[in-house]
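# Observations on the three-dimensional arrangement
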Amino acid sequence: MNRVVITGMGAICPLGSTADEALAAMQQGQCATRRMDGWDQYRGLRSQVGAPAVLTNEKAIPRKTRRSMSRMSLFAAQAAQQALAEAGLDLEMAASGRLGCVIGSTM
């Protein structure tokens, strides 16, 4: 059996742009749902609320790479960068094949 150690976490979500911000917001019982301006233009849309996440420092990912990434991929890459930084790991270790990253998403 192989052992697994969680050494770093990252989060980009409606409750915060880091895992610490998101956890603090959850502990305070905050809600990220808000009325979405402009959604009333869509005919037949039954919901006018959402919980949007905000991309910060999007340009930290090189444009050549970023051009082909989906919005979800940008969120995942930023969260992974946070997790690597929290763990004190560099990109060389990330590319070594000895490191795994688990990403979750909801829509």
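That block above? That's the structure.
Residues numbered from 1 in each chain as written. Predicted model: local features only at pLDDT ≥ 70, side-chain atom pairs only at ≥ 80, totals over all residues. Heavy atoms only, no water.

### Notes on the overall build of the protein chain
Tallying secondary structure elements over the protein chain gives 4 helices and 2 strands in all. Mapped in sequence order, the helices and strands of the protein chain form the string α-β-β-α-α-α. For a compact globule of 107 residues, the expected C-alpha radius of gyration is about 13 Å, and the protein chain comes in at 17 Å, more than 25% above that figure. Dimensions of the protein chain, computed from the C-alpha atoms along their principal axes, are close to 50 × 40 × 30 Å. Put simply, the protein chain has 107 residues, and 21% of those count as buried. (Helix = DSSP H or I, 4+ residues; strand = E, 2+ residues; numbered from the N terminus. Rg over C-alpha atoms; globule rule 2.2 N^0.38 Å. Buried < 20%, exposed > 50% of the residue type's maximum accessible area, 1.4 Å probe, protein only.)

### Side note on the layout of surface pockets
What the largest pocket holds in volume is close to 1,300 Å³. Around the largest pocket sit 39 residues that line it, and Gly10, Ala79, Val102, Ile103 and Gly104 are the ones nearest its centre. Looking at the lining of the largest pocket, the elements that each hand over two or more residues are α3 (71-87) and α4 (91-94). Broken down by element, the residue count for the lining of the largest pocket peaks at 10 residues, all from α3. The residue makeup of the lining of the largest pocket, split by class, is 28 nonpolar, 8 polar and 3 charged. (1 Å grid on protein atoms, 1.4 Å probe; cavity = no way out; pocket = protein on both sides within 12 Å on 5 of 7 lines; lining within 4 Å. Points joined across faces, edges and corners; volume = space filled by probe spheres on them. Nonpolar A, V, L, I, M, F, W, Y, C, P; charged D, E, K, R; others polar.)

### A short note on the side chain of Gln78
By secondary structure assignment, the location of Gln78 is in helix α3. When near neighbours in sequence (up to four residues on either side) are disregarded, Gln78 contacts Ile12, Leu55, Thr56, Asn57 and Glu58. (Contact = heavy atoms within 4.5 Å.)

### Focus on unusual backbone geometry
Positive phi outside glycine occurs at Asn57, with the angle close to 55 degrees. With respect to the secondary-structure elements, Asn57 resides in the loop between β2 (49-50) and α2 (63-66). Looking at Asn57, the relative accessible area reads 58%, which means it is exposed.

### Some words on the state of the cysteines
Note: disulfide means a covalent bond formed between the sulfur atoms of two cysteine side chains. A complete count under the given rule lists 0 disulfides for this structure. Looking at the unpaired Cys31, the closest cysteine sulfur is the one in Cys13, lying at 12 Å. By relative accessible area, which is 60% here, Cys31 ends up exposed. Left unpaired, Cys101 is separated from the closest cysteine sulfur, that of Cys13, by 15 Å. (Disulfide = S-S within 2.5 Å.)

### A few points about α3
With 17 residues, α3 should cover 24 Å at 1.5 Å per step; its first-to-last C-alpha distance of 25 Å lies within 8% of that length. Here α3 has its buried residues at Leu74, Phe75, Ala76, Gln78, Ala79, Ala80, Ala83 and Leu84. Where α3 is buried, its residues contact α2 and α4. In the segment just after α3, Gly88 is the residue with positive phi, at about 75 degrees. (Expected span 1.5 Å × (residues − 1).)

### Structural notes on the environment of Met9
As for its placement among the helices and strands, Met9 is situated in the segment before α1 (19-27). It is 9.1 Å that separates the C-alpha atoms of Met9 and Gln81, two residues lying 72 residues apart in sequence. In this structure, Met9 is in contact with Ala19, Gln82, Ala83 and Glu86, ignoring residues within four places of it in sequence.

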